[in-house]
Each structure stands twice: as structure tokens, then as C-alpha cells.
Amino acid sequence: ARVRAKGNSCFLVLRQGVYDTLQACYFKDKERPEASKAFLKWLSGLAPESIVDVCGVLQAAAVDSTSIRGAELGIERLFVISRAEPQLPFQLDDAMRTEEEIVASEATDRPWSRVPQEQRLDHRWIDLRTAPSASVLRVRSAVCQLFREALYARGFVEIQTPKLIGGESEGGAAVFTTEYFEQTACLAQSPQLYKQAAICGDMGRVFEVGPVFRKEKSHTRRHLCEFTGLDLEMEIKHHYNEALDVVHATLAHTFNGLEQRFAREMAAVRTQYPSRPARISDQPCIVHWEEGMAMLKAAGADVDETADLTTALERQLGELVAAKHGVDLYILDRFPAGARPFYTMPCADNPALTNSYDVFLRGEEICSGAQRVHVPELLEQRIVAQGLPLDSLRWYVDAMRYGTPPHAGAGLGLDRVVFLYLALDNVRKATMFPRDPNRLTP
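Parameters at a glance
Residues numbered from 1 in each chain as written. Predicted model: local features only at pLDDT ≥ 70, side-chain atom pairs only at ≥ 80, totals over all residues. Heavy atoms only, no water. Buried < 20%, exposed > 50% of the residue type's maximum accessible area, 1.4 Å probe, protein only. Helix = DSSP H or I, 4+ residues; strand = E, 2+ residues; numbered from the N terminus. Pairing = 2+ DSSP bridges. Patch = residues over 30% accessible without salt bridge, like charges linked within 9 Å, V, L, I, M, F, W, Y side chains within 5 Å. Areas by Shrake-Rupley, 256 points an atom, 1.4 Å probe, with all protein chains shown as cover. Salt bridge = Lys/Arg side-chain N within 4 Å of Asp/Glu carboxyl O. Axes fitted to C-alpha atoms, helices over the stretch in contact; angles between N-to-C directions. Contact = heavy atoms within 4.5 Å. Lys, Arg positive; Asp, Glu negative; His and termini not counted. Parallel < 35°, antiparallel > 145°, perpendicular 65-115°, else oblique. Left-handed = near helix turned anticlockwise from the far one by under 90°. Nonpolar A, V, L, I, M, F, W, Y, C, P; charged D, E, K, R; others polar.

Quick word on the pairing of strand β14 (residues 356-361)
Okay, so step 1: The element β14 is largely enclosed, with a buried count of 6 among its 6 residues.
Okay, so step 2: In terms of strand pairing, strand β13 (residues 329-333) meets β14 through 5 bridges, oriented antiparallel. Pairing of L329 across the sheet is with L361, part of β14.
Okay, so step 3: Remark: 2 residues form the turn of the hairpin made by β14 and strand β15 (residues 364-371), two consecutive strands paired antiparallel; R362 in that turn has positive phi of roughly 50 degrees.

This is the structure:
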């Protein structure tokens, strides 16, 4: 409840959840002047965000400042269930304003307060009482739901893989370690090896939604040390494009589902973070590495064709692809071997390139994947070539020795998908309690 008292009247804005608000009112009673005056004084002392139960009569009124318009609740009785502290860490109205509104107010004699991101995260339970922030997490939940729907419909089985493992699961990515009895364990950087083990076990098509840990001292707006992975793996018959078809169809189902089935949540987010629906082609828009490099060079960019793209080049290529193909979602494949993990299958026509791919949304990467090496001798060679310990990966190589079908897969970051689709200014706002190099609580 929020309270505004004046003279012989008191008005409250009651909120249920984050979307529904109703004005309630109480006026001094001429027949019971002393009792009603005392009640007015008590009402005026209610702290904002206190939890209350209200009994009264719903009546017509010219109200347009709440979500329920044209009516108000005449208070007869009110009970305080949980009294809030008088001073909130920040005001909810301040936390719901757009950056444009705040900047525009700075030229007036009553500028709005800006709620810093760190203050929001330190008091996340207050921030989540605003409709935009709460809706971001509801959209996050919806992405998981839609991702699962799309894959269940295509014959996938959901699995759960271990997060305490005996060695690195990704070459070149920093890893957290912890004591595990008399051994040292790693926090899983990916479910990659275990997804492949499931394929070795004839599971055909599998996926997982689960935590991923990366010990990266990165302070950018799009990196976290712990995030939620959306991973899939599948047998392929002829070409890794079969996996690209599934990834594209899954993302199309997810993004179209957000717009069609979660319109209220999307609208609430867009009141503070404006965005538009992503442009998605019916069939996957695939750009080969060689073509992408040519497009960047033609635009005057300085590129190293043997290295991964920088963030700036990702965005530039995204703009070029959007201008050429009219899409916000596209796939770049055939990455150079030096830019991919040890388990990535080399291209048959050019061993300097690989059967790998990234998916980009609005010019930034949201997904990485590849056809995997299923030949144990080649797998051993690539592990040694990348300087990784073969002993801790022996079980993984051995899993390929007993008849393993060709397979491919992909891994997405849920947090980054939500962050980029909603055009938020920082991935931390797409995570309930983010973990980065400086944040371990709350």
C-alpha cells in the first residue's frame, strides 16, 4: 500500500502482485468524528509497501492513475499483516522510469532520481516489486518453458548432468576449482562432455537447462561468472545443418511465443526498456565464415581471418547481415580451428576451418555449437594439441570407442538471450541474483 493523507481524507494505492493496482479511500465520518479521525491518523502513518488486508465497498469513481480505472474501494476495515520499514532503499516509482525520462527531467527544477544498478541488485527483492523488473524474470521463465516445448516436440529428452567434475570441460575457458575429499574438482563450464556421452548411450536427442560456471574476470555488460545454460545435442545423419534447423526452429518458437503468449510481460518490460520484436526468417539465415569476412573487409573492417570475432566486429557484421537479409537472428558457421574447443570437427574441405557455428541476435552472440569429433584417435590428437590433460578426459575419449554416431549440438546462455531480446542495458538485469567477479551476495 502507498498512502496519501490530506485533511479529512486518506487515499491509498493498493497493489496485488506487480500488475494490478486499485485506489482505496477513507473520509472522516460525521457520525463518528473522533473514531474516524483516529483511524485517519493511523492510516496516514502506514509505511509504503506494508502488506494489508482491506475490507470495503467498491464504488464508481473518476480514477485513472491505477490499473483498475473508473472505480475505487471505500475502506471500512483495514488490517496490517506486515508493516514495512518507514524508509525504503529506493522508491519504486524512481526504479520504473526510463533513462530518457530521467535525462529529460534534469533540465527541470525537479529532476527525477536515478536508481543505480548496484543499488537495485543489493535490494533485489524491492526491485522485483516493479512491473518491468518482475516481468524480465517472468520472460526468463517463459524462455525456459518455450525452449522445452520446442525440443520436446522434436523428440528430445531432458537430462541433468553433474556440475562437480574431475577436469575442465572447455578448452581455453577459465575454471573454478574446489576441494572434493582428497581430490580437486572443477565446477562445470558446460554440460558438453556429458551431453555427448548421452548420445554415445543411444539417447538420440537430449537437452539440459542448468547452471554453468566460468571463472572469467570480465566486467562487461554481457558476461557473468554463473549463468543458466540451455544446451542440446543430437545425432545427425548427413550434415550439421540438421542441428542448425533445430536450433533456428527452437529460437523462432521461443521468440514468437514471447510476443504472442506473454504479451503482458513484454509490454511491461518495454515501458522501461523499449524494443521491437526480432525479425526472424522462416528458414535459417546461414552466413559462412568466408562470406562474413568478405562482408567485413568490404565495409573497411580490419579482420584476422584465423581468430574469433571481437565484440565490435560481431556488432558490425550483425548490422551488415541485417541490411542484406533483413533479419535480426542469423547463424555464422565454419569458424577457424584456433577459435573453437578441442571437440570440434574440422571441415572436410578445409581443415583450417571447422563444422562449427554461432547464433547472433541483434548483432551479439547468444549461442555456440558444432559438429563434435566422434573419432577417438582424432579426439586424442586435438586434446593434446590444445595442451589439455588427457588423463582427466580419458573416460570421454573412451566413450567414443564403442560405436558413436555423428552428432552436433549447441549451447545458449539463458541470461544473455533474455538480455538481448529485451534490449536491456546489462545482463545482470536478466538474472535474479547475478554472480560476477565483484558480486557474491545477496
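Some words on a nonpolar patch on the surface
Okay, so step 1: On the surface, a nonpolar cluster with roughly 300 Å² of combined accessible area is contributed by I51, F79 and I81.
Okay, so step 2: Here F79 lies in strand β5 (residues 71-82).

Side note on the pairing of strand β3 (residues 20-27)
Okay, so step 1: Within β3, 6 of the 8 residues are buried, which leaves the element mostly enclosed by the surrounding structure.
Okay, so step 2: For strand β2 (residues 9-16) and β3, the ladder comprises 8 bridges, and the chain directions are antiparallel. In the strand pairing of β3, R15 is matched with T21.
Okay, so step 3: With 2 bridges connecting them, β3 and β5 associate as parallel partners.

Looking at the sheet that holds strand β4 (residues 51-60)
Okay, so step 1: The mixed open sheet is built from 5 strands, whose spatial order is β1-β2-β3-β5-β4. Two strands close off the open sheet at either side, each with one partner strand: β1 (2-6) and β4. Strand-to-strand twist in this sheet, taken as the mean axis angle between neighbours without regard to direction, amounts to 30 degrees.
Okay, so step 2: On the sheet, helix α1 (residues 33-44) packs against β1, β2, β3 and β5 and is oriented at approximately 70 degrees with respect to β5.

Considerations on unusual backbone geometry
As a rule of thumb, non-glycine residues mostly have phi less than zero, and peptide bonds are mostly trans rather than cis.
Okay, so step 1: Cis peptide bonds are those with omega within 30 degrees of zero, and the linkage from T441 to P442 qualifies with -10 degrees.
Okay, so step 2: Note on placement: P442 falls in the segment after α14 (414-421).
Okay, so step 3: Backbone geometry at R334 places phi at a positive 65 degrees, although glycine is not the residue there.
Okay, so step 4: Counting through the fold element by element, R334 comes out in the loop between β13 and β14.
Okay, so step 5: Accessibility expressed as a relative area gives 12% for R334, which makes it buried.
Okay, so step 6: A positive phi angle is found at R362, which is not glycine, with a value near 50 degrees.
Okay, so step 7: Along the chain, R362 falls in the loop between β14 and β15.

Looking at the side chain of R416
Okay, so step 1: Counting through the fold element by element, R416 comes out in helix α14.
Okay, so step 2: One buried charge, R416, has no salt-bridge partner; the nearest side chain with opposite charge is E365, at 4.2 Å.
Okay, so step 3: With near-sequence residues (within four places) excluded, R416 lies in contact with R222, H223, E365, I366 and V427.

Let's talk about the packing of helix α6 (residues 131-152) against α14
Okay, so step 1: At a minimum axis separation of 10 Å, α6 and α14 run at an interaxial angle of 120 degrees. Viewed along their axes, α6 and α14 adopt a mutual orientation that is oblique. Regarding α6 and α14, the two cross each other, and that crossing is right-handed. For the pair formed by α6 and α14, the contact residues are V136, R140, V143 and C144 on the first element and L414, D415, V417 and V418 on the second.
Okay, so step 2: Along the lines of polarity and charge, the residues of the contact of α6 with α14 split into 6 nonpolar, no polar and 2 charged.

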